[in-house]
Amino acid sequence: MRHSILLLLAFALVCITSCSVDAPQPMSVVPSQRQIEWHEIEQYAFVHFTINTFTDREWGYGDELPELFNPTDFDADALVEIVKTANLKGLILTAKHHDGFCLWPTKYTEHSIKNSPYKGGSGDIVGEVAEACRRHGIKFGIYLSPWDRNHAGYGGDEYLDYYRNQVRELLTNYGPLFEMWFDGANGGDGYYGGAYETRWVESGYLYYDWPQVIDIIRELSPDTIVWSSSQPEARWCGNEKGIIDEYCWAMATPEDMYPEGRDCMPVLIHGQEDGSCWAPAEADVSIRPGWFYHDYEKPKTPEELFQIYLTSVGHGGTLLLNLAPDRRGRIPEEDVASLMAWREMVDNAFKYDLAAKATYTAYSSRGRGFGVEGMRGDDSDYWATKDGVTTGDVYLRWDTAISARYIVIEEYIALGQRVREYAVDVKRDNTWQQVAYGSTIGYKRIIPLEEEIVTSEIRVRFIDSRGPLTIDRIAVY
Ligand code: FUL
């Protein structure tokens, strides 16, 4: 008897070990750990604030006097509290816009806040916001315009030293940063230390020698996501409307994103299925028509912001939503109202995952550890198919009918982005009816249904994929 129990145990052990299954091989291009974390924060604020706020311009010329910068009621905590309440997880501040005025008391130029009336010249907007972010658990990032219409040496080597010194100074004093934003606007007319002329830097991307700048970032703040034209870890989505294209890969090849003399827009918009690095789309958009505050402009409505959420976070990228402090240094009350109503709309729309009560079924599974339950909820397990299996249907069934408005699908991107084509069907009057059809999924795809659908069965068909399917989540709201 004892013998046979031991034999049985040994057999079970052999079975368990031999039945355990390996995870699918990662695709050749996968996100780094910091990029995965960046995807997960989904939405964060941009704050455009500088001398333009006081001159009513979008691009300053570079000859504005520092005395013009005079916010009467700036409060970094109040700003960050708004960001936090709106559930934005980070904040990227314009430390320097194209006009060259610096919002921190840099030691490299007099064209800064130290010569403004703000706090009698002892203020430091970058430092105040950085500290407030840390106090409130908000990630902090910096926008540092490469183009500088104030600096006399712009276009030459002297400016490059100046720029790199500023990168070093900012990272040393205010880092670590979660993202650094190096705007693409480059060259044109400006003050340039009194020259009042037009300067074009011969191929902007080469002029700045980004690898050198990135080396400084890696040395001082290794986990910073670099938004730039060289080795980008996040890319521009191709418009400033908050719309990431329906067809969008997180991968792209840097040389194709910023090619000499070729149109880069298709690559920025769609990414590349065979791109050489993970460079996902970020949707930057302002709550107002302009990036800076102008009293004649109005903020977007909560409904417009909600639509933007669907086409940014819901299209597999992140949302970088700009807020524009007014001349007090405060976010206008009507913008705050719109922002909070938007947040409530998002919270309400995605409050209860109806799939929590569904039964998940798939006829094809990789095996132990990669079953359909991996698609339930927001945890780290995922459903995978066997090597060579690049299609699969997943059924969600409920005992009592549910009323669905959104389907959310997420790929397990740590192993790469794979899905090329999918469809969603619902069962009505005992027949399947297709309600959605699309191409890429990536980190997250929110599929808004045209109308609220009452059903007790939903089928997600993965029609084509670059490799075995690795699906992290299917949720229904
Ligand atoms: C653009 C800039 O020229 C705008 O002023 C703004 O900063 C926007 C986010 O990027 O390229």
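All values reported here derive from a predicted model rather than from experimental measurement.

Peer 1: Explain the packing of helix α11 (residues 302–312) against helix α12 (residues 333–349) to me, please; I cannot follow it from the model alone.
Peer 2: How two helices sit against one another is set out by the angle between their axes and by the gap between those axes. Axis separation between α11 and α12 bottoms out at 8 Å; the angle between their running directions is 50°. Our classification of the angle between α11 and α12 gives oblique. Here α11 and α12 pass one another in a crossing that is right-handed. In contact with P302, E303, L305, F306 and Y309 of α11, α12 contributes S338, L339, A341, W342, M345, V346 and A349. When grouped by side-chain class, the residues that make up the contact of α11 with α12 number ten nonpolar, one polar and one charged.

Peer 1: Explanation requested: the environment of C102 in the structure shown.
Peer 2: With respect to the secondary-structure elements, C102 resides in the loop between β2 (90–96) and α5 (125–136). In this structure C102 comes out as buried when scored by relative accessible area, which is 0%. Once the C-alpha coordinates of C102 and L91 are considered, the two residues, eleven residues apart in sequence, prove to be 17 Å apart.

Peer 1: What should I look at first to understand the site of the ligand in this one?
Peer 2: Neighbouring the ligand are the residues F46, H48, W59, H97, H98, Y143, W181, D183, A185, E240, D284 and W291. Contact distances for the ligand include 2.9 Å between an oxygen atom and a side-chain N or O atom of H97. Against a free-state accessible area of 290 Å², the protein chains account for coverage of 90% of the ligand. The residue makeup of the shell around the ligand, split by class, is six nonpolar, three polar and three charged.

Peer 1: Would you mind going over the packing of aromatic side chains with me for this structure?
Peer 2: Each aromatic ring pair is specified by the distance between its two centres and by the angle formed by the two planes. Taken as a whole, this structure holds 39 aromatic pairs when the rule is applied. Look at Y44 and F178: their rings are 5.3 Å apart centre to centre, the planes differ by 85°, and that puts the pair in the edge-to-face class. In this pair, Y44 is assigned in strand β1 (residues 43–47) and F178 in the loop between α6 (157–174) and β4 (179–181), connecting sequence segments 134 residues apart. Exposure remark for Y44: the relative accessible area of 0% places this residue in the buried category. According to the relative accessible area criterion, F178 is buried, its value standing at 9%. Ring centres of F69 and F101 lie 5.4 Å apart, and the angle between their planes is 40°; this geometry places the pair in the tilted category. One end of the pair, F69, is in the loop between α3 (52–55) and α4 (76–85); the other, F101, is in the loop between β2 and α5, and 32 residues separate them in sequence. Of the two residues, F69 and F101, neither departs from the other in class, the shared state being buried. Each residue in the set Y154, Y159, Y162, Y163, F182, Y192, Y207, Y208 and W210 is aromatic and connected to the rest through ring pairs, giving one cluster. Sitting over the face of the ring of Y406, R405 holds its NZ or CZ atom 5.3 Å from the ring centroid. Positioned above the aromatic ring of W249, the side-chain terminus of R466 is 5.7 Å from the ring centre.

Calculation rules
Residues numbered from 1 in each chain as written. Predicted model: local features only at pLDDT ≥ 70, side-chain atom pairs only at ≥ 80, totals over all residues. Heavy atoms only, no water. Axes fitted to C-alpha atoms, helices over the stretch in contact; angles between N-to-C directions. Helix = DSSP H or I, 4+ residues; strand = E, 2+ residues; numbered from the N terminus. Parallel < 35°, antiparallel > 145°, perpendicular 65-115°, else oblique. Left-handed = near helix turned anticlockwise from the far one by under 90°. Contact = heavy atoms within 4.5 Å. Nonpolar A, V, L, I, M, F, W, Y, C, P; charged D, E, K, R; others polar. Buried < 20%, exposed > 50% of the residue type's maximum accessible area, 1.4 Å probe, protein only. Near = heavy atom within 4 Å. Polar contact = N/O pair within 3.5 Å; in protein donor to acceptor, adjacent residues only side chain to side chain. Areas by Shrake-Rupley, 256 points an atom, 1.4 Å probe, with all protein chains shown as cover. Phe/Tyr/Trp six-rings, centres within 6.5 Å; stacked < 30°, edge-to-face > 60°. Lys NZ or Arg CZ within 6 Å of the ring centre and 35° of its normal.

These values are about where atoms sit, not about what they do.
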